[in-house]
Every structure is written in C-alpha cells, then in structure tokens.
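Spelled out, the chains give:
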Amino acid sequence: AQTVTQSQPEMSVQEAETVTLSCTYDTSESDYYLFWYKQPPSRQMILVIRQEAYKQQNATENRFSVNFQKAAKSFSLKISDSQLGDAAMYFCAYKQGAQKLVFGQGTRLTINP
Amino acid sequence: DSGVTQTPKHLITATGQRVTLRCSPRSGDLSVYWYQQSLDQGLQFLIHYYNGEERAKGNILERFSAQQFPDLHSELNLSSLELGDSALYFCASSSQGSSYNSPLHFGNGTRLTVT
C-alpha cells in the first residue's frame, strides 16, 4: 500500500524567510500525482500545489514551489517570503489513478513575526 | 469557497445515538470521498463513491455507512456512537472518472462531538 511520511511534526520560520517542508512517499507505481494541502486554524483543507509524476519540471504557484525527486520518492514544499497567513498544518498527499488521496501526518508550520 | 457543502457544521450528541452527515459535491463532480480527522491527526479515508456506486472502502467501521444519491449528494451515517467517534468529518469531491490528476476539493467539515 502507498504510504506518505512527513518527518517534521513542527516547523517554524521568521516572517519573510524561506522554509522547506519535507515529504517522502512509497509506491511501486510510475504514474501518480502528489499534492500539498494547507489546513489553517479554520480547519478548511485548501489545495496549495500539485505535481504530476510524469513531469520533470517542478510545480510553482506564486510563493510556493516543490522539489520533486522521483527516484528518491521525495516531494518537498518550499514557501518563500513567509507570511503570517501561511501559518497552518500542511499535509502532503499521494494519489494514483482514480483512487483516494493518501495523506501524511502533517507538519505544523508557525510563522514568527 | 471550494463549492462543496457540508451540513451540519457542528453536531453534539450522546453515546449510543445515530447521526447523519450530509454532503453536496461541487457542481459536475461525480466522485465523493469521506474522511475522518481526529484531534491533531491526519486524515483517514473512509469511503469513496462515484456516480452513485461505492468505489473503495478504507478504515470505515461497521457502525458507519454511506450512500450517494441520484442527485449526487452523499450522506454518512454514524450509529451506536462512541466517545472515540468525536472528530472532524470531511467530504471531498472531484470530477474524476478517468481524469487522474483531478485534485480533491474539500468541504468545511462537520465537527462531531460525542458526549
């Protein structure tokens, strides 16, 4: 079964600095999709960024970018110019085909003013 | 706003009772997923429906059941409730059928408290 591991339960960063959240996954498939979701204190689940495994180019969405290393099965999220509103739980997730999303345990990100 | 509507937002009930959580997916989405999130935990997959048919089951207890209706809304029924069932229950929808990269769009969740 596919598994997703986020090894950093908590991270903190100074406002305006850059932070990287780690994620590794385990799969024997070659075609799949990876996502980062953000869950602020409101508890909503908000899609931050997605990456198709067949694409070598790393996805970017404004201040959010990923470092996708397929061979290493690693999918880290980089947040540049951190803002107070970025404080949240961040979940890495894996999806293969039309199946469910498999989530990691999450990383709680704190932004220090 | 994700376009996924969940009702009610909050539910407080006693042990042994039965409740129904409701989800309306985004317009046009055929897939509905249910997830459970206990306090400070990740999201655990419960069940997936596609166009009215059950597609996959996760760690869903026998006391729990779900269905998706012809109008595509879904209901999650929780019975013989226990204290440990207290959690945030999310519904998510996606447009996938054969579209592999469709992300899931989540509702705001129903917070269930069992006392």
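This is a predicted model, so every value here is computed, not measured.

Trainee: How should the interface of chain A and chain B be read in this particular structure?
Mentor: In many analyses, interface size is given as the accessible surface area lost on bringing the parts together. Taken together, the contacts link 22 residues of chain A with 23 residues of chain B. When the two sides are added together, the surface that chain A and chain B hide from each other amounts to roughly 1900 Å², 54% of it contributed by carbon and sulfur. At the junction of chain A with chain B, the criterion picks out 5 residue pairs in polar contact (both at pLDDT 80 or more). Mapped by element, the contributors of at least two residues to the side of chain A that touches chain B are β5 (33-39), β6 (46-52), β10 (88-95) and β11 (101-103) of chain A. Class assignment for the residues of the side of chain A that touches chain B results in 9 nonpolar, 6 polar and 7 charged.

Trainee: In this structure, what is going on with the pattern of salt bridges? I would like to understand it.
Mentor: Side-chain pairs of opposite charge can arise where the charged atoms are in close proximity. With the rule as written, the count across this model stands at 6 salt bridges over all chains. Two residues, Asp26 of chain A and Lys73 of chain A, come together in a salt bridge whose shortest N-O distance is 3.9 Å. Here the residue Asp26 of chain A occupies a position in strand β4 (residues 24-26), and Lys73 of chain A occupies one in the loop between β8 (64-69) and β9 (74-79), the gap between them amounting to 47 residues. Between Asp85 of chain B and Arg63 of chain B there is a salt bridge, and its shortest N-O distance comes to 2.8 Å. With Asp85 of chain B in the loop between β8 (74-78) and β9 (87-94) and Arg63 of chain B in the loop between β6 (53-57) and β7 (64-68), the pair connects residues that are 22 residues apart, well separated along the chain. Here the two residues Asp85 of chain B and Arg63 of chain B agree in accessibility, since each one is buried. Through salt bridges that share partners, Arg63, Glu82 and Asp85 of chain B make up one connected network.

Trainee: Even after reading the chapter, I still don't get the sheet that holds strand β1 (residues 5-7) of chain B, so can you show me in this structure?
Mentor: Strands belonging to one sheet form pairs held by backbone hydrogen bonds; the direction of such a pair is parallel or antiparallel. Residue and element names in this part refer to chain B. The 4 strands lie next to each other as β1-β3-β8-β7, forming an open sheet whose pairing is antiparallel. Whereas interior strands pair on both sides, the edge strands pair on one side only; in this sheet they are β1 and β7. Neighbour to neighbour, the strand axes of the sheet diverge by 15° on average, direction disregarded.

Trainee: Can you help me understand the layout of surface pockets in this one?
Mentor: The probe, sized like a water molecule, is rolled over the atoms to show the empty space still left. All names here are of chain A. Computed from the structure, the largest pocket encloses a volume of approximately 240 Å³. Element by element, the count of residues in the lining of the largest pocket is highest for β11, at 3 residues. For the lining of the largest pocket, a count of residues per class yields 8 nonpolar, 6 polar and 1 charged. For the second largest pocket, the calculated volume is near 180 Å³. The set of elements that each furnish at least two residues to the lining of the second largest pocket consists of β10 and β12 (107-112).

Trainee: What is the right way to look at the state of the cysteines in this model?
Mentor: In a disulfide, the sulfur atoms of two cysteines are held together by a covalent bond. All names here are of chain A. Counted under the stated rule, the structure contains 2 disulfides over all chains. Residue Cys23 pairs covalently with Cys92 via a disulfide, S to S 2.0 Å. Disulfide Cys23-Cys92: the torsion about the S-S bond is -70°, which places it as left-handed. On the criterion of sequence distance, the pair formed by Cys23 in the loop between β3 (19-21) and β4 and Cys92 in strand β10 is long-range, its members being 69 residues apart.

About the criteria used
Note on numbering: residues in each chain are counted from 1, in written sequence order. Just so you know, chain letters begin at A and ligand numbers begin at 1, following the order they were written in. In keeping with the predicted nature of the model, local features appear solely for residues at pLDDT of at least 70, side-chain atom pairs appear and are counted solely at 80 or more, and the whole-chain, interface and lining totals rest on all residues. The basis for the side-chain values is all heavy atoms of the structure; hydrogens and waters are excluded. Contacts are residue-level and defined by heavy atoms, with any inter-residue pair within 4.5 Å sufficient. Accessible-area loss on putting two parts together, using a 1.4 Å probe and summing over both, is the definition of buried area adopted here. Pairs of N or O atoms within 3.5 Å make up the polar contacts considered here, provided that, within protein, one atom can donate a hydrogen while the other can accept it, and that residues adjacent in sequence are counted only when both atoms are side-chain atoms. Each helix corresponds to a stretch of at least 4 residues labelled H or I by DSSP, and each strand to a stretch of at least 2 residues labelled E; elements are numbered beginning at the N terminus. Here the nonpolar group is Ala, Val, Leu, Ile, Met, Phe, Trp, Tyr, Cys and Pro; Asp, Glu, Lys and Arg are the charged ones; every other residue, Gly included, is treated as polar. Salt bridges are identified by distance alone: a Lys or Arg side-chain nitrogen within 4 Å of an Asp or Glu carboxyl oxygen. Accessible area is worked out with a 1.4 Å probe on protein chains only. A residue is then buried under 20% of its type maximum, exposed over 50%, and partly exposed in between. When DSSP finds two or more bridges between a pair of strands, those strands are recorded as paired. Lines fitted to C-alpha atoms define the axes here, with helix axes fitted over just the stretch in contact, and angles between the N-to-C directions of these axes take values from 0 to 180 degrees. Two kinds of site are reported from a 1 Å grid over the protein atoms alone, namely cavities, where a 1.4 Å probe fits but cannot get out, and pockets, open sets with protein on both sides within 12 Å along at least five of seven lines, and residues are called lining when an atom falls within 4 Å of a point. Grid points are joined across faces, edges and corners, and a volume is the space filled by probe spheres set on the points. Criterion for a disulfide: a pair of cysteine sulfur atoms within 2.5 Å.

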